[in-house]
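Commentary on secondary and tertiary structure
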Amino acid sequence: MVLTDPRLRDGPQVAAVQASLGGAGIDATVYDRVRVEPTDRSFREAIQEADRGQYDGFVAVGGGSVIDTAKAANLYHTYPADFLDYVNHPVGRGRPVPGPLKPLIAVPTTAGTGSETTGVAIFDLEGLHAKTGIAHRALKPTVGIVDPDNTRSMPPLAAACTGLDVLSHAIESYTALPYTQRPAPDDPSLRPAYQGSNPMSDVWSARAIEMVAANLPAAIAGDTEPQAQMLLAATFAGIGFGNAGCHLPHGMSYPVSSNVRDFHPEGYPDDHPMIPHGMSVILNAPAVFRWTAPAEPQRHLQAAALMGADVSGVGPDDAGEATANAIIDLMRRTGMPNGLSGVGYTPADIDVLVRGTLPQHRVTKLSPRPFDEADLRGMFESAMRYW
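Residues numbered from 1 in each chain as written. Predicted model: local features only at pLDDT ≥ 70, side-chain atom pairs only at ≥ 80, totals over all residues. Heavy atoms only, no water.

Taking an unreviewed UniProt entry as the reference, the protein is identified by name as hydroxyacid-oxoacid transhydrogenase belonging to Geodia barretti. Per UniProt, the comment on the protein under Sequence similarities (unreviewed entry) is "Belongs to the iron-containing alcohol dehydrogenase family. Hydroxyacid-oxoacid transhydrogenase subfamily." What the UniProt record of the protein gives under Subcellular location (unreviewed entry) is the line "Mitochondrion". (UniProt positions renumbered as here; feature names shortened; annotations may be inferred.)

**Points about the layout of surface pockets**
One number sums up the size of the largest pocket: a volume of about 870 Å³. G63, G64, S65, T110 and T162 are, among the 47 residues lining the largest pocket, the residues nearest its centre. Breaking the lining of the largest pocket down by element, the ones donating at least two residues are helix 1 (12–23), helix 3 (64–78), strand 5 (120–125), helix 4 (156–175), helix 7 (248–258), helix 8 (277–282) and helix 13 (361–364). Taken together, the residues of the lining of the largest pocket sort by class into 19 nonpolar, 18 polar and ten charged. When its volume is computed, the second largest pocket comes out at roughly 740 Å³. Forming the walls of the second largest pocket are 25 residues, and the residues nearest its centre are H89, R182, L190, R191 and P192. Only strand 6 (130–135) and helix 13 provide two or more residues apiece to the lining of the second largest pocket. A per-class count over the lining of the second largest pocket returns 13 nonpolar, six polar and six charged. (1 Å grid on protein atoms, 1.4 Å probe; cavity = no way out; pocket = protein on both sides within 12 Å on 5 of 7 lines; lining within 4 Å. Points joined across faces, edges and corners; volume = space filled by probe spheres on them. Helix = DSSP H or I, 4+ residues; strand = E, 2+ residues; numbered from the N terminus. Nonpolar A, V, L, I, M, F, W, Y, C, P; charged D, E, K, R; others polar.)

**Things to note about the packing of aromatic side chains**
Applying the stated criterion to the full structure yields seven aromatic pairs. Connected via pairs of aromatic rings, a cluster forms that spans F43, Y76, F83, Y86 and F123. Its guanidinium or amino end placed over the ring of Y174, R299 lies 4.6 Å from that ring's centre, counting from NZ or CZ. (Phe/Tyr/Trp six-rings, centres within 6.5 Å; stacked < 30°, edge-to-face > 60°. Lys NZ or Arg CZ within 6 Å of the ring centre and 35° of its normal.)

**Re the UniProt feature "domain: Alcohol dehydrogenase iron-type/glycerol dehydrogenase GldA" (unreviewed entry) in the protein**
Per the UniProt annotation, the sites labelled "domain: Alcohol dehydrogenase iron-type/glycerol dehydrogenase GldA" (unreviewed entry) are residues 1–148. A distance of 23 Å separates the end C-alpha atoms of residues 1–148, which is 28% helix and 19% strand.

**Re helix 7**
Of all eleven residues making up helix 7, eleven are buried, and the element is well covered by its neighbours. Every buried residue of helix 7 is accounted for by L248, P249, H250, G251, M252, S253, Y254, P255, V256, S257 and S258. (Buried < 20%, exposed > 50% of the residue type's maximum accessible area, 1.4 Å probe, protein only.)

**So, the sheet that holds strand 2 (residues 30–31)**
Here we have five strands laid out as an open sheet, ordered 2-1-3-4-7, and parallel in their pairing. Two strands close off the open sheet at either side, each with one partner strand: strand 2 and strand 7 (143–144). As judged from the two bridges shared by strand 4 (residues 104–108) and strand 7, these two strands associate in the parallel manner. Bridged to I105 within strand 7 is V143. (Pairing = 2+ DSSP bridges.)

**Focus: the pairing of strand 6**
Judged by how many residues are buried, strand 6 sits mostly within the fold: five of six residues are covered. Turn length for the strand 5-strand 6 hairpin, with the two strands adjacent in sequence and antiparallel, is four residues, and the turn residue H129 shows positive phi of about 55 degrees.

**Observations regarding empty space enclosed by the protein**
Tallying each qualifying case throughout the model produces one cavity of 30 Å³ or more. Its volume calculated, the largest cavity comes out at about 50 Å³. Lining the largest cavity, in full, are N88, H89, V91, T132, G133, P359, Q360, H361 and R362. When grouped by side-chain class, the residues that make up the lining of the largest cavity number two nonpolar, six polar and one charged.

**Topic: a nonpolar patch on the surface**
Residues I105, V143 and I145 make up a contiguous nonpolar surface patch of roughly 200 Å² in combined accessible area. Tracing the chain through its elements places V143 in strand 7. (Patch = residues over 30% accessible without salt bridge, like charges linked within 9 Å, V, L, I, M, F, W, Y side chains within 5 Å. Areas by Shrake-Rupley, 256 points an atom, 1.4 Å probe, with all protein chains shown as cover. Salt bridge = Lys/Arg side-chain N within 4 Å of Asp/Glu carboxyl O.)

**Looking at the packing of helix 7 against helix 9 (residues 285–292)**
Where helix 7 meets helix 9, the closest approach of the two axes is 9 Å, and the angle between their N-to-C directions is 140 degrees. In terms of axis orientation, helix 7 runs oblique to helix 9. Every pair of crossing elements has a handedness; the one defined by helix 7 and helix 9 is right-handed. Contact residues: L248, P249 and M252 in helix 7; A285, V288, F289, W291 and T292 in helix 9. When the residues that make up the contact of helix 7 with helix 9 are grouped by side-chain class, the tally is seven nonpolar, one polar and no charged. (Axes fitted to C-alpha atoms, helices over the stretch in contact; angles between N-to-C directions. Parallel < 35°, antiparallel > 145°, perpendicular 65-115°, else oblique. Left-handed = near helix turned anticlockwise from the far one by under 90°. Contact = heavy atoms within 4.5 Å.)

Okay, here's the thing in C-alpha coordinates:
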(Lines give C-alpha, C1' and ligand atoms only; values in the text may rest on other atoms or scores of the structure.)
Protein backbone atom coordinates (compact mmCIF):
# COMPACT_ATOMS: atom_id res chain seq x y z
CA MET A 1 0.00 0.00 0.00
CA VAL A 2 1.55 3.27 -1.19
CA LEU A 3 0.11 6.22 0.75
CA THR A 4 0.31 9.80 -0.44
CA ASP A 5 -1.85 12.93 -0.67
CA PRO A 6 -3.77 14.28 -3.68
CA ARG A 7 -1.18 16.94 -4.51
CA LEU A 8 1.64 14.41 -4.74
CA ARG A 9 -0.35 11.67 -6.48
CA ASP A 10 0.79 12.51 -10.00
CA GLY A 11 4.24 13.78 -9.06
CA PRO A 12 7.68 12.30 -9.74
CA GLN A 13 8.13 10.94 -6.21
CA VAL A 14 5.14 8.60 -6.40
CA ALA A 15 6.03 7.66 -9.98
CA ALA A 16 9.53 6.66 -8.85
CA VAL A 17 8.12 4.50 -6.06
CA GLN A 18 5.70 2.78 -8.42
CA ALA A 19 8.46 2.12 -10.94
CA SER A 20 10.76 0.74 -8.26
CA LEU A 21 8.13 -1.58 -6.81
CA GLY A 22 7.00 -2.71 -10.25
CA GLY A 23 10.57 -3.40 -11.29
CA ALA A 24 10.93 -5.66 -8.27
CA GLY A 25 7.77 -7.55 -9.16
CA ILE A 26 5.79 -6.14 -6.22
CA ASP A 27 2.11 -5.29 -6.75
CA ALA A 28 1.17 -1.92 -5.27
CA THR A 29 -1.98 0.12 -4.81
CA VAL A 30 -1.74 3.89 -4.45
CA TYR A 31 -3.95 5.39 -1.73
CA ASP A 32 -4.06 9.16 -2.30
CA ARG A 33 -6.74 10.26 0.16
CA VAL A 34 -4.43 11.22 3.02
CA ARG A 35 -5.56 14.47 4.61
CA VAL A 36 -2.97 17.16 5.29
CA GLU A 37 -3.22 17.61 9.07
CA PRO A 38 -4.99 14.23 9.51
CA THR A 39 -7.99 13.51 11.69
CA ASP A 40 -9.28 10.37 13.35
CA ARG A 41 -11.71 10.10 10.42
CA SER A 42 -8.95 10.22 7.81
CA PHE A 43 -6.89 7.70 9.82
CA ARG A 44 -9.88 5.34 9.93
CA GLU A 45 -10.39 5.62 6.17
CA ALA A 46 -6.77 4.63 5.53
CA ILE A 47 -7.08 1.75 8.02
CA GLN A 48 -10.16 0.50 6.18
CA GLU A 49 -8.27 0.54 2.89
CA ALA A 50 -5.41 -1.40 4.50
CA ASP A 51 -7.86 -4.00 5.75
CA ARG A 52 -9.50 -4.32 2.33
CA GLY A 53 -6.20 -4.79 0.55
CA GLN A 54 -4.54 -7.19 3.00
CA TYR A 55 -1.18 -5.61 2.24
CA ASP A 56 2.22 -7.10 3.11
CA GLY A 57 3.94 -3.74 3.52
CA PHE A 58 3.55 0.02 3.31
CA VAL A 59 5.30 2.93 1.59
CA ALA A 60 4.57 6.53 2.66
CA VAL A 61 5.40 9.27 0.16
CA GLY A 62 4.77 12.72 1.61
CA GLY A 63 5.16 14.87 4.68
CA GLY A 64 4.45 14.00 8.28
CA SER A 65 0.72 13.72 7.63
CA VAL A 66 1.27 10.93 5.12
CA ILE A 67 3.91 9.10 7.15
CA ASP A 68 1.81 9.28 10.32
CA THR A 69 -1.24 7.99 8.45
CA ALA A 70 0.80 5.06 7.14
CA LYS A 71 1.94 4.24 10.69
CA ALA A 72 -1.68 4.12 11.85
CA ALA A 73 -2.81 2.02 8.88
CA ASN A 74 0.03 -0.42 9.52
CA LEU A 75 -0.71 -0.66 13.25
CA TYR A 76 -4.46 -1.25 13.10
CA HIS A 77 -4.17 -3.55 10.08
CA THR A 78 -1.55 -5.68 11.85
CA TYR A 79 -3.18 -5.63 15.31
CA PRO A 80 -6.89 -4.78 14.92
CA ALA A 81 -8.40 -3.00 17.93
CA ASP A 82 -10.88 -0.34 18.92
CA PHE A 83 -9.51 2.93 17.60
CA LEU A 84 -8.92 4.47 21.04
CA ASP A 85 -7.05 1.43 22.37
CA TYR A 86 -3.64 2.60 21.14
CA VAL A 87 -4.29 6.35 21.44
CA ASN A 88 -2.30 8.13 24.12
CA HIS A 89 -3.75 8.24 27.62
CA PRO A 90 -5.79 10.07 28.91
CA VAL A 91 -7.54 10.75 25.58
CA GLY A 92 -7.32 7.06 24.70
CA ARG A 93 -6.41 3.89 26.57
CA GLY A 94 -2.67 3.97 25.81
CA ARG A 95 -2.47 0.22 25.17
CA PRO A 96 1.06 -0.91 24.21
CA VAL A 97 1.56 -2.20 20.67
CA PRO A 98 1.62 -6.02 20.95
CA GLY A 99 4.60 -6.68 18.68
CA PRO A 100 6.42 -5.78 15.45
CA LEU A 101 4.51 -4.24 12.54
CA LYS A 102 4.78 -4.90 8.83
CA PRO A 103 7.54 -3.15 6.86
CA LEU A 104 7.03 0.58 6.35
CA ILE A 105 9.29 2.62 4.07
CA ALA A 106 8.99 6.37 4.63
CA VAL A 107 9.90 8.83 1.84
CA PRO A 108 9.64 12.36 3.30
CA THR A 109 8.83 15.16 0.85
CA THR A 110 9.00 17.94 3.46
CA ALA A 111 11.91 18.99 5.65
CA GLY A 112 10.24 19.19 9.00
CA THR A 113 8.51 16.46 10.92
CA GLY A 114 11.28 13.86 11.07
CA SER A 115 8.44 11.32 11.11
CA GLU A 116 10.65 8.89 9.19
CA THR A 117 12.63 8.46 12.42
CA THR A 118 9.95 8.42 15.11
CA GLY A 119 7.41 6.09 16.67
CA VAL A 120 4.68 8.73 16.83
CA ALA A 121 1.56 9.34 14.71
CA ILE A 122 -0.36 12.58 15.36
CA PHE A 123 -3.95 13.35 14.40
CA ASP A 124 -6.85 15.64 15.26
CA LEU A 125 -9.57 13.94 17.30
CA GLU A 126 -12.47 15.85 15.83
CA GLY A 127 -14.92 15.19 18.65
CA LEU A 128 -12.60 16.85 21.16
CA HIS A 129 -11.23 19.61 18.91
CA ALA A 130 -7.76 18.63 20.07
CA LYS A 131 -4.81 16.84 18.57
CA THR A 132 -3.48 13.69 20.14
CA GLY A 133 -1.56 10.69 18.89
CA ILE A 134 -0.23 7.19 19.14
CA ALA A 135 3.28 6.72 20.47
CA HIS A 136 5.26 3.47 20.54
CA ARG A 137 8.68 2.52 19.24
CA ALA A 138 7.10 -0.26 17.12
CA LEU A 139 5.62 2.45 14.87
CA LYS A 140 9.04 3.58 13.67
CA PRO A 141 9.44 3.06 9.92
CA THR A 142 11.69 0.22 8.82
CA VAL A 143 13.57 2.50 6.41
CA GLY A 144 13.58 6.22 5.69
CA ILE A 145 14.61 7.45 2.23
CA VAL A 146 16.01 10.92 3.00
CA ASP A 147 16.64 12.57 -0.38
CA PRO A 148 16.47 16.36 -0.81
CA ASP A 149 15.32 15.98 -4.43
CA ASN A 150 11.98 14.90 -2.97
CA THR A 151 11.53 18.25 -1.17
CA ARG A 152 12.23 20.63 -4.07
CA SER A 153 8.54 21.23 -4.81
CA MET A 154 7.64 22.52 -1.33
CA PRO A 155 5.90 25.93 -1.48
CA PRO A 156 7.81 28.65 0.42
CA LEU A 157 5.40 28.83 3.37
CA ALA A 158 5.40 25.05 3.72
CA ALA A 159 9.21 25.11 3.77
CA ALA A 160 9.08 27.78 6.48
CA CYS A 161 6.52 25.98 8.63
CA THR A 162 8.17 22.58 8.43
CA GLY A 163 11.61 24.11 9.01
CA LEU A 164 10.46 25.89 12.15
CA ASP A 165 8.95 22.62 13.33
CA VAL A 166 12.48 21.18 13.08
CA LEU A 167 13.79 24.07 15.18
CA SER A 168 11.21 23.58 17.91
CA HIS A 169 11.71 19.80 17.91
CA ALA A 170 15.37 20.37 18.55
CA ILE A 171 15.07 23.09 21.21
CA GLU A 172 12.27 21.27 23.03
CA SER A 173 14.19 17.99 23.20
CA TYR A 174 17.34 19.87 24.27
CA THR A 175 15.48 21.64 27.10
CA ALA A 176 13.11 18.82 28.11
CA LEU A 177 12.99 17.40 31.62
CA PRO A 178 16.18 15.33 32.03
CA TYR A 179 15.70 11.58 31.70
CA THR A 180 17.13 11.13 35.21
CA GLN A 181 14.18 13.06 36.64
CA ARG A 182 11.42 11.25 34.77
CA PRO A 183 9.55 8.69 36.92
CA ALA A 184 9.99 5.12 35.74
CA PRO A 185 6.85 3.21 34.68
CA ASP A 186 5.55 0.36 36.80
CA ASP A 187 6.08 -2.11 33.96
CA PRO A 188 8.65 -2.10 31.13
CA SER A 189 5.88 -2.51 28.53
CA LEU A 190 4.60 0.92 29.60
CA ARG A 191 7.95 2.63 29.01
CA PRO A 192 7.08 5.79 27.05
CA ALA A 193 8.51 6.58 23.64
CA TYR A 194 9.83 9.88 25.03
CA GLN A 195 12.43 9.65 27.80
CA GLY A 196 13.44 13.26 28.49
CA SER A 197 16.63 15.05 27.51
CA ASN A 198 19.64 12.75 27.49
CA PRO A 199 23.24 12.78 26.27
CA MET A 200 22.48 10.85 23.07
CA SER A 201 19.61 13.09 21.98
CA ASP A 202 21.56 16.23 22.90
CA VAL A 203 24.08 15.51 20.14
CA TRP A 204 21.41 15.34 17.43
CA SER A 205 19.28 18.18 18.78
CA ALA A 206 22.12 20.67 19.22
CA ARG A 207 23.38 20.09 15.69
CA ALA A 208 19.87 20.45 14.28
CA ILE A 209 19.43 23.85 15.97
CA GLU A 210 22.60 25.11 14.31
CA MET A 211 21.60 23.73 10.91
CA VAL A 212 18.15 25.33 10.91
CA ALA A 213 19.45 28.75 11.90
CA ALA A 214 22.14 28.60 9.21
CA ASN A 215 20.04 27.23 6.35
CA LEU A 216 16.28 27.87 6.67
CA PRO A 217 15.96 31.32 5.00
CA ALA A 218 18.08 30.24 2.03
CA ALA A 219 16.21 26.94 1.75
CA ILE A 220 12.90 28.81 1.56
CA ALA A 221 14.40 30.95 -1.22
CA GLY A 222 15.11 27.80 -3.23
CA ASP A 223 18.85 27.25 -2.76
CA THR A 224 19.45 23.54 -3.22
CA GLU A 225 22.28 22.91 -0.75
CA PRO A 226 20.47 24.65 2.16
CA GLN A 227 17.40 22.57 1.23
CA ALA A 228 19.51 19.43 1.57
CA GLN A 229 20.82 20.62 4.93
CA MET A 230 17.27 21.30 6.15
CA LEU A 231 16.12 17.79 5.30
CA LEU A 232 19.15 16.40 7.11
CA ALA A 233 18.36 18.68 10.07
CA ALA A 234 14.80 17.34 10.14
CA THR A 235 16.12 13.79 10.40
CA PHE A 236 18.70 14.77 13.02
CA ALA A 237 16.04 16.49 15.12
CA GLY A 238 13.75 13.49 14.64
CA ILE A 239 16.35 11.20 16.14
CA GLY A 240 16.80 13.67 18.98
CA PHE A 241 13.18 14.31 19.90
CA GLY A 242 12.14 10.78 18.95
CA ASN A 243 14.04 9.63 22.02
CA ALA A 244 14.00 12.69 24.31
CA GLY A 245 10.56 14.04 23.42
CA CYS A 246 9.02 17.46 22.96
CA HIS A 247 7.24 19.50 25.61
CA LEU A 248 5.02 22.57 25.92
CA PRO A 249 5.31 24.22 22.47
CA HIS A 250 3.99 21.02 20.93
CA GLY A 251 1.45 20.35 23.68
CA MET A 252 0.05 23.87 23.28
CA SER A 253 0.08 23.64 19.48
CA TYR A 254 -2.52 20.90 19.29
CA PRO A 255 -5.55 22.97 20.38
CA VAL A 256 -4.24 25.85 18.27
CA SER A 257 -4.44 23.62 15.18
CA SER A 258 -7.70 21.96 16.16
CA ASN A 259 -9.71 25.10 16.91
CA VAL A 260 -8.83 26.96 13.72
CA ARG A 261 -11.73 28.97 12.32
CA ASP A 262 -10.94 30.53 8.95
CA PHE A 263 -7.17 30.62 8.42
CA HIS A 264 -6.06 29.44 4.95
CA PRO A 265 -2.26 29.46 4.57
CA GLU A 266 -0.80 30.09 1.13
CA GLY A 267 0.41 26.97 -0.67
CA TYR A 268 -1.61 24.50 1.40
CA PRO A 269 -4.84 22.69 0.40
CA ASP A 270 -7.68 25.21 0.49
CA ASP A 271 -10.57 22.79 0.94
CA HIS A 272 -10.56 23.33 4.71
CA PRO A 273 -9.14 25.94 7.11
CA MET A 274 -5.91 24.93 8.80
CA ILE A 275 -2.97 26.18 10.79
CA PRO A 276 0.02 24.14 9.63
CA HIS A 277 1.57 22.09 12.39
CA GLY A 278 4.94 23.83 12.35
CA MET A 279 3.27 27.24 12.45
CA SER A 280 1.06 26.25 15.39
CA VAL A 281 4.15 25.09 17.28
CA ILE A 282 6.44 28.04 16.63
CA LEU A 283 3.75 30.60 17.49
CA ASN A 284 3.86 29.29 21.06
CA ALA A 285 7.60 28.69 21.29
CA PRO A 286 8.96 32.13 22.32
CA ALA A 287 6.39 32.48 25.11
CA VAL A 288 7.15 28.97 26.37
CA PHE A 289 10.92 29.30 26.42
CA ARG A 290 10.72 32.63 28.22
CA TRP A 291 8.77 30.77 30.90
CA THR A 292 10.78 27.50 31.06
CA ALA A 293 14.22 29.13 31.10
CA PRO A 294 14.44 29.51 34.92
CA ALA A 295 14.38 25.71 35.21
CA GLU A 296 17.39 25.24 32.89
CA PRO A 297 18.92 28.67 32.15
CA GLN A 298 22.21 27.31 30.82
CA ARG A 299 20.47 25.00 28.37
CA HIS A 300 18.35 27.88 27.08
CA LEU A 301 21.41 30.09 26.69
CA GLN A 302 23.13 27.30 24.77
CA ALA A 303 20.10 27.00 22.48
CA ALA A 304 20.20 30.75 21.81
CA ALA A 305 23.92 30.56 21.06
CA LEU A 306 23.36 27.62 18.69
CA MET A 307 20.91 29.86 16.80
CA GLY A 308 23.68 32.45 16.41
CA ALA A 309 22.78 34.81 19.24
CA ASP A 310 25.61 36.52 21.12
CA VAL A 311 25.06 35.43 24.71
CA SER A 312 28.49 36.37 26.03
CA GLY A 313 27.04 39.05 28.31
CA VAL A 314 23.71 37.42 29.05
CA GLY A 315 23.08 36.18 32.57
CA PRO A 316 20.84 33.32 33.70
CA ASP A 317 17.95 35.67 34.49
CA ASP A 318 17.79 36.73 30.82
CA ALA A 319 18.22 33.27 29.28
CA GLY A 320 14.56 32.99 28.33
CA GLU A 321 14.51 36.39 26.66
CA ALA A 322 17.63 35.51 24.66
CA THR A 323 16.10 32.26 23.44
CA ALA A 324 12.76 33.87 22.62
CA ASN A 325 14.37 36.76 20.73
CA ALA A 326 16.46 34.39 18.60
CA ILE A 327 13.32 32.45 17.64
CA ILE A 328 11.31 35.61 16.95
CA ASP A 329 14.07 36.89 14.67
CA LEU A 330 13.87 33.71 12.60
CA MET A 331 10.06 33.84 12.59
CA ARG A 332 10.14 37.35 11.14
CA ARG A 333 12.71 36.38 8.52
CA THR A 334 10.59 33.43 7.39
CA GLY A 335 7.20 35.17 7.16
CA MET A 336 5.42 33.75 10.20
CA PRO A 337 2.31 35.48 11.57
CA ASN A 338 2.77 37.79 14.55
CA GLY A 339 1.75 35.37 17.27
CA LEU A 340 -1.60 33.66 17.79
CA SER A 341 -3.48 36.84 16.93
CA GLY A 342 -2.06 36.52 13.42
CA VAL A 343 -4.04 33.30 12.85
CA GLY A 344 -7.30 34.56 14.30
CA TYR A 345 -7.11 33.96 18.06
CA THR A 346 -7.97 36.49 20.74
CA PRO A 347 -7.63 36.46 24.55
CA ALA A 348 -11.24 35.22 24.67
CA ASP A 349 -10.02 31.89 23.22
CA ILE A 350 -7.42 31.21 25.91
CA ASP A 351 -9.61 29.03 28.13
CA VAL A 352 -10.39 26.74 25.17
CA LEU A 353 -6.69 26.52 24.30
CA VAL A 354 -5.79 25.69 27.90
CA ARG A 355 -8.42 22.94 28.06
CA GLY A 356 -7.05 21.44 24.85
CA THR A 357 -3.50 21.43 26.22
CA LEU A 358 -4.15 19.77 29.57
CA PRO A 359 -4.72 16.21 28.20
CA GLN A 360 -1.46 16.23 26.20
CA HIS A 361 0.45 14.30 28.86
CA ARG A 362 2.70 12.58 26.32
CA VAL A 363 4.56 15.85 25.85
CA THR A 364 3.51 18.21 28.63
CA LYS A 365 4.96 15.95 31.33
CA LEU A 366 8.37 16.62 29.80
CA SER A 367 8.22 20.32 30.62
CA PRO A 368 11.38 21.18 32.55
CA ARG A 369 9.28 23.38 34.83
CA PRO A 370 6.06 22.25 36.55
CA PHE A 371 3.00 24.18 35.40
CA ASP A 372 -0.67 24.66 36.17
CA GLU A 373 -3.63 26.13 34.30
CA ALA A 374 -2.72 29.68 35.31
CA ASP A 375 0.77 29.20 33.85
CA LEU A 376 -0.70 27.96 30.56
CA ARG A 377 -3.01 30.96 30.42
CA GLY A 378 -0.07 33.26 30.91
CA MET A 379 1.91 31.59 28.13
CA PHE A 380 -1.01 31.72 25.68
CA GLU A 381 -1.53 35.39 26.54
CA SER A 382 2.15 36.11 25.92
CA ALA A 383 1.96 34.25 22.60
CA MET A 384 -0.82 36.46 21.22
CA ARG A 385 1.62 39.02 19.80
CA TYR A 386 5.43 39.30 19.64
CA TRP A 387 6.21 42.47 17.70
